[in-house]
Each structure stands twice: as structure tokens, then as C-alpha cells.
Amino acid sequence: MLLLASLAIFIIWESFKREKPTLAPRISAPGQTAIEQGLLIGAGVFAVTGVLVLLETDYKIATGRQAFIWNSLFDTLGKPGVAAFFWITALAMLFVRHMRRKARRNTG
């Protein structure tokens, strides 16, 4: 989890850097940017987490630093609701990725 958090911080940090001007105008923008790749990986992580939450046989009360967040999610939404929350988050990340990619390709 620490590595995923570090990756997310790095991706956000890189998104605020200004692009270097190019000498020739770019006609097409092939490939993916780091933000688009990060959003795709994050969406995959959230989708798999939703499946794992749904397949979990029993729910034990979480302990730890942010346990109140996890416990309150389970108390308010239940197991299917938490899985749906993760899937909706994954879909939102895919939508943001699609919009960024579309905007980048249209500005070329």
C-alpha cells in the first residue's frame, strides 16, 4: 500500500510540471502519459479490491490508524455497497483517463 501511495504521489507531482515547448508542432500524440497509465493502474487496483471485498467470507472489525474509515464504510454501505463504491471509483478513474486522453489527442 505504501508503494501504491508513493506512485500516486509521484503521478500527481509529475502532472503539475509544465511541458517543455517543442520546436515542431506535434500532429499526433501516440502512447500514454504517466498520468493516464497511473489512472489505468489505479482503476485496476480499485476494481480488483471491489471483487476481493465481495468475495471476502467474513468481515472482521478493522484495527489500525484509519480503521474508522473502513469500519464506517462497512457499517453504512455493507459488503456489496463497499464493493460497488470501489467499482464506481474505478469507473470514475477510467472516465477521467478517457477525457484526458481525448483532450490530449485533440490538441495535437
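This text goes with the structure placed above it.
These lines cover the structure that appears in this document, whether it is placed above or below. Since the structure is predicted, the reported quantities are computational estimates derived from the model, not experimental observations. All residue numbers refer to positions counted from 1 along the written sequence of the respective chain. Where totals are concerned, whole chains, interfaces and linings use all residues; where local detail is concerned, this predicted model gives features only for residues with pLDDT of at least 70, and gives and counts side-chain atom pairs only at 80 or more. Only hydrogens and water are removed before side-chain values are computed, so all heavy atoms of the structure are retained for them.

Thoughts on the packing of helix α1 (residues 2-15) against helix α2 (residues 34-55)
Turning to step 1, where the next piece is worked out: Running from amino to carboxyl end, α1 crosses α2 at an angle of 150 degrees, the nearest separation of the two axes being 9 Å. Judged by the angle between their axes, α1 and α2 are roughly antiparallel. Like other packed secondary-structure pairs, α1 and α2 cross with a definite hand, here left-handed. Where α1 approaches α2, its residues Leu-4, Ile-11 and Ser-15 are matched on the opposing element by Ala-34, Ile-35, Gly-38 and Val-45. Axis definition: a line fit to C-alpha positions, over the contact stretch in the case of helices; interaxial angles, taken between N-to-C directions, run 0 to 180 degrees. Helical segments are the DSSP runs of H or I of at least four residues, strand segments are the runs of E of at least two, and each set is numbered from the N terminus. Under this scheme an angle from 65 to 115 degrees is roughly perpendicular, one under 35 degrees roughly parallel, and one over 145 degrees roughly antiparallel; angles in between are oblique. Each crossing is labelled by how the near helix is turned from the far one, with a counterclockwise turn of less than a right angle marking it left-handed and a clockwise turn marking it right-handed. Contacts between residues were defined by any pair of non-hydrogen atoms, one from each residue, lying within 4.5 Å.

Observations concerning the pattern of salt bridges
Turning to step 1, where the next piece is worked out: Salt bridge criterion: a side-chain nitrogen from Lys or Arg within 4 Å of a carboxyl oxygen from Asp or Glu. Applying the stated criterion across every chain yields a total of one salt bridge.
Turning to step 2, where the next piece is worked out: Arg-101 is paired through a salt bridge with Glu-36; the nearest N and O atoms lie 3.3 Å apart. Taken together, the positions of Arg-101 in helix α3 (residues 67-106) and Glu-36 in helix α2 put the pair 65 residues apart, joining distant regions of the chain.
Turning to step 3, where the next piece is worked out: Three exposure classes are used, based on accessible area relative to the maximum for each residue type with a 1.4 Å probe and protein chains only: buried under 20%, partly exposed in between, and exposed over 50%. Exposure remark for Arg-101: the relative accessible area of 19% places this residue in the buried category.

Focus: the layout of surface pockets
Turning to step 1, where the next piece is worked out: Residues are said to line a cavity or pocket when one of their atoms sits within 4 Å of a point; the points come from a 1 Å grid over protein atoms alone, cavities being sets where a 1.4 Å probe fits but cannot get out and pockets being open sets with protein on both sides within 12 Å along at least five of seven lines. Grid points are joined across faces, edges and corners, and a volume is the space filled by probe spheres set on the points. Space inside the largest pocket adds up to approximately 880 Å³.
Turning to step 2, where the next piece is worked out: If you trace the largest pocket, you find 23 residues lining it, with Met-1, Leu-4, Ala-5, Val-45 and Phe-46 closest to the centre.
Turning to step 3, where the next piece is worked out: Amino acids outside the nonpolar list (Ala, Val, Leu, Ile, Met, Phe, Trp, Tyr, Cys, Pro) and the charged list (Asp, Glu, Lys, Arg) are all regarded as polar, and Gly is one of them. Tallied by class, residues from the lining of the largest pocket come to 17 nonpolar, five polar and one charged.

Some details on the packing of aromatic side chains
Turning to step 1, where the next piece is worked out: Between 30 and 60 degrees the pair is tilted, below 30 it is stacked and above 60 it is edge-to-face, where a pair is any two Phe, Tyr or Trp rings, Trp via its six-membered ring, whose centres lie within 6.5 Å. A complete count under the given rule lists four aromatic pairs for this structure.
Turning to step 2, where the next piece is worked out: Ring centres 5.2 Å apart and planes at 65 degrees place the aromatic pair Trp-70 and Phe-74 in the edge-to-face group. Of this pair, Trp-70 and Phe-74 both sit in helix α3, four residues apart, roughly one helical turn.
Turning to step 3, where the next piece is worked out: Between Trp-70 and Phe-86, the aromatic rings sit 5.9 Å apart at their centres with planes inclined by 35 degrees, giving tilted as the arrangement.
Turning to step 4, where the next piece is worked out: For Trp-70, a relative accessible area of 27% corresponds to the partly exposed category.
Turning to step 5, where the next piece is worked out: Classification of Phe-86 as buried rests on a relative accessible area of 9%.
Turning to step 6, where the next piece is worked out: Here a set of aromatic residues connected by ring pairs shows up, and it is made of Phe-46, Trp-70, Phe-74, Phe-85 and Phe-86.

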